[in-house]
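A look at the structure
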Amino acid sequence: MTKEAIVLSNDNSISEIYIDDIGDDHMFTGLETPMKVDAFVMSDIEKKEKISDLFGQIMDVMGMDLTDDSLKDTPKRVAKMYMEEIFSGLNPNNKPKISLFENKYQYNQMLVEKDITFYSNCEHHFVPFTGRAHIAYVSSGKVIGLSKLNRIVQYYAKRPQVQERLTNQIAIDLKAILNTEDIAVIIDAKHLCVSSRGVKDDSSTTVTSYYSGIFKESNKIAELQNYINK
Ligand SMILES: [Zn+2]
């Protein structure tokens with residue numbers, strides 16, 4: 001889908017029809033997370049204060065009593081959680097530092113790191129989607145610490161996301177880091193915006209994949225699927 005598909009109505013608001021088309025079908029507009037050019041002008045401390053204030057306003061509009069002991073610190077907690085945890089991957093400063101090692105053993109078969117659990121949030125509804133990522137690559141001379149594969153998944157998951165973009169962002173970053181085209185990323189996830197609202201389908205999961213280099217060959221895909229399904 002292209003950005004042009006988002007059509008603004010006369011009053012400059014996205015019409016209801018398009019909101020539902022984009023949200024419930026979980027379409028996305030591009031590989032990059034859509035960010036403003038001035039996204040990092042405000043400090044993290046200022047952002048936390050502002051988010052806390054605005055989230056308090058949402059709760060207030062919904063009629064909740066923010067003087068209640070149970071609720072009074074919720075806006076602050078949400079702001080802290082957004083900035084330091086679940087959306088910390090928006091800030092490139094939080095990108096994990098990656099060190100590579102020489103491929104001493106000359107292992108030149110595929111390496112598969114499977115069942116990397118992640119928690120992300122749908123950018124259309126701001127509710128969680130969660131699942132497992134499987135990553136495979138063939139070394140072009142360097143190898144990456146296994147925990148770093150996990151950290152890269154977590155970094156890109158900690159953004160308002162769509163699953164297709166998450167899959168692509170992980171794959172494209174790994175291609176650059178490992179200097180190889182031979183990368184595969186498969187993500188199998190469950191979306192709370194599908195199971196808890198909308199069509200209320202509790203059993204479906206969504207699988208997305210990115211295959212490049214040798215992973216475009218059907219025998220390599222079969223070998224990889226075999227490892228993952230074990
Ligand atoms: Zn959603």
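Preceding block: the structure.
Small disclaimer: the values here were computed from a predicted structure and weren't measured. (Residues numbered from 1 in each chain as written. Predicted model: local features only at pLDDT ≥ 70, side-chain atom pairs only at ≥ 80, totals over all residues.)

Now for the pairing of strand β6 (residues 183-191). Taken across its 9 residues, β6 has 7 buried, putting it largely inside the fold. Examined bridge by bridge, strand β3 (residues 128-137) and β6 share 9 bridges and lie antiparallel to one another. Looking at β6, one finds that alanine 136 is bridged to alanine 184. Bridge count for β6 against strand β7 (residues 206-211) is 6 bridges, and the pairing is antiparallel. Looking across to β7, one finds that isoleucine 186 is bridged to serine 209. (Buried ≥ 20, exposed ≤ 12 C-beta atoms within 10 Å, placed from the backbone. Helix = DSSP H or I, 4+ residues; strand = E, 2+ residues; numbered from the N terminus. Pairing = 2+ DSSP bridges.)

What follows is about the packing of helix α2 (residues 44-61) against helix α3 (residues 74-86). It is the contact of α2 with α3, at a shortest axis distance of 8 Å, that shows an interaxial angle of 135°. Between α2 and α3, the interaxial angle falls into the category oblique. Where α2 crosses over α3, the two elements pack in a sense that is right-handed. Of α3, the residues touching α2 (which contributes Asp44, Lys47, Lys48, Ile51, Ser52, Phe55, Gly56 and Met59) are Thr74, Pro75, Lys76, Val78, Ala79, Lys80, Tyr82 and Met83. (Axes fitted to C-alpha atoms, helices over the stretch in contact; angles between N-to-C directions. Parallel < 35°, antiparallel > 145°, perpendicular 65-115°, else oblique. Left-handed = near helix turned anticlockwise from the far one by under 90°. Contact = placed C-beta atoms within 7 Å.)

To continue, consider unusual backbone geometry. In the Ramachandran plot, aspartate 115 falls in the positive-phi region, its phi being about 60° despite a non-glycine side chain. Of note, aspartate 115 is situated in strand β2 (residues 111-122). By C-beta crowding, aspartate 115 is classed as exposed, having 11 other C-beta atoms within 10 Å. Unusually for a residue other than glycine, phenylalanine 126 sits at a positive phi of about 55°.

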